[in-house]
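# Results of the structural survey
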Amino acid sequence: MSALDARHTVLAVLESWAQYVTDELGGAPPARSVPDLAHFLLRHLTWLTGQPPAADLADEIDALRRELLRTIDPEPGEPQVVTRECVVADCAGRITTSPRPAGDRTSIRCSAGHTWEMHEWITLRPLLERRPKAVGA
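Here is a short report on the structure shown in this document.

Each value, and the rule that gives it
Residues numbered from 1 in each chain as written. Predicted model: local features only at pLDDT ≥ 70, side-chain atom pairs only at ≥ 80, totals over all residues. Heavy atoms only, no water. Helix = DSSP H or I, 4+ residues; strand = E, 2+ residues; numbered from the N terminus. Contact = heavy atoms within 4.5 Å. Areas by Shrake-Rupley, 256 points an atom, 1.4 Å probe, with all protein chains shown as cover. Buried < 20%, exposed > 50% of the residue type's maximum accessible area, 1.4 Å probe, protein only. Arc of directions from axis to C-beta. Axes fitted to C-alpha atoms, helices over the stretch in contact; angles between N-to-C directions. Parallel < 35°, antiparallel > 145°, perpendicular 65-115°, else oblique. Left-handed = near helix turned anticlockwise from the far one by under 90°. Nonpolar A, V, L, I, M, F, W, Y, C, P; charged D, E, K, R; others polar. Polar contact = N/O pair within 3.5 Å; in protein donor to acceptor, adjacent residues only side chain to side chain. Phe/Tyr/Trp six-rings, centres within 6.5 Å; stacked < 30°, edge-to-face > 60°.

### Brief notes about the overall build of the protein chain
Helices and strands together make up the secondary structure of the protein chain, namely six helices and five strands. What you see in the protein chain, going N to C, is helices and strands ordered as α-α-α-α-β-β-β-β-β-α-α. The contacts in the protein chain between residues at least 6 apart in sequence include a share of 43% that link residues at least 24 apart. Per element, the accessible surface of the protein chain, about 8,600 Å² overall, is 55% carbon and sulfur.

### So, helix 2 (residues 34–43)
Listing the buried residues of helix 2 in full gives Leu37, Phe40 and Leu41. End-on view of helix 2: buried residues confined to an arc of 95 degrees, all on one side of the axis. Looking at helix 2, the residues exposed on the side facing more than 90 degrees away from the buried face are Leu42 and Arg43. Buried residues belonging to helix 2 abut helix 1 (3–25) and helix 3 (45–49).

### So, unusual backbone geometry
Glycine aside, residues mostly have negative phi, and peptide bonds are mostly found in the trans state. For aspartate 90, which is not glycine, the phi torsion reads 65 degrees and is therefore positive. By the secondary structure assignment, aspartate 90 is in the loop between strand 1 (82–85) and strand 2 (94–96).

### Describing the packing of helix 1 against helix 2
Running from amino to carboxyl end, helix 1 crosses helix 2 at an angle of 40 degrees, the nearest separation of the two axes being 9 Å. In terms of orientation, helix 1 and helix 2 fall into the oblique class. For the element pair helix 1 and helix 2, the recorded crossing hand is left-handed. Contacts between helix 1 and helix 2 involve Val10, Leu11, Leu14, Glu15, Trp17, Ala18, Val21 and Thr22 from the former and Val34, Leu37, Ala38, Phe40 and Leu41 from the latter. Broken down by class, the residue content of the contact of helix 1 with helix 2 amounts to 11 nonpolar, one polar and one charged.

### Here's the deal with the side chain of threonine 22
You can see threonine 22 is positioned in helix 1. Threonine 22 gets classed as buried once you look at its relative accessible area, which sits at 7%. A polar contact is formed between the side chain of threonine 22 and the backbone oxygen of glutamine 19, at a distance of 3.0 Å. Not counting residues within four places of it along the chain, the set of residues in contact with threonine 22 comprises Gly27, Ala28, Pro29 and Phe40.

### As for the packing of aromatic side chains
Following the criterion strictly, the structure yields two aromatic pairs and no others. Considering the side-chain rings of tryptophan 17 and tyrosine 20, the 5.7 Å spacing of their centres and the 75 degrees angle between planes classify their relative orientation as edge-to-face. Highlighted residues: tryptophan 17 and tyrosine 20, both in helix 1, separated by three residues, approximately one helical turn. Take tryptophan 17: its relative accessible area is 7%, and that puts it in the buried class. Each ring, one from tyrosine 20 and one from tryptophan 47, has its centre 5.8 Å from the other, and the planes form 35 degrees; the classification is tilted. Here the residue tyrosine 20 occupies a position in helix 1, and tryptophan 47 occupies one in helix 3, the gap between them amounting to 27 residues. Looking at tyrosine 20, the relative accessible area reads 22%, which means it is partly exposed. One aromatic cluster is present, built from ring pairs that chain together Trp17, Tyr20 and Trp47.

The values reported here are purely geometric and, on their own, carry no functional implication.
Here you go:
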């Protein structure tokens, strides 16, 4: 799973549980961001753990934790997953989800050699969304 896919999954799961809380207790839902959703759910955690779907919440959060760990630290020998075409105009390269060391810093690369520092990656999302979907997904 790519980092962008993992981020989407985290948002979807947290937003679903926040919606459950607002449906049951009333009030306004939090902003659609991981920090806001997480804080909202933490504020209501005691109430949530007393509800019938509490085991489902625990299972889904644990599944997210495992998925995120696999995304940032794949098992040894796990192949890199090709996810998208490079966002650079006229580049035929493919961007991989597993960051590779570039000198003493971690960067994301396309197969043709373009690189981005990790902090730049999130700004590429609008460009990625304009490109065709995953190659190997």
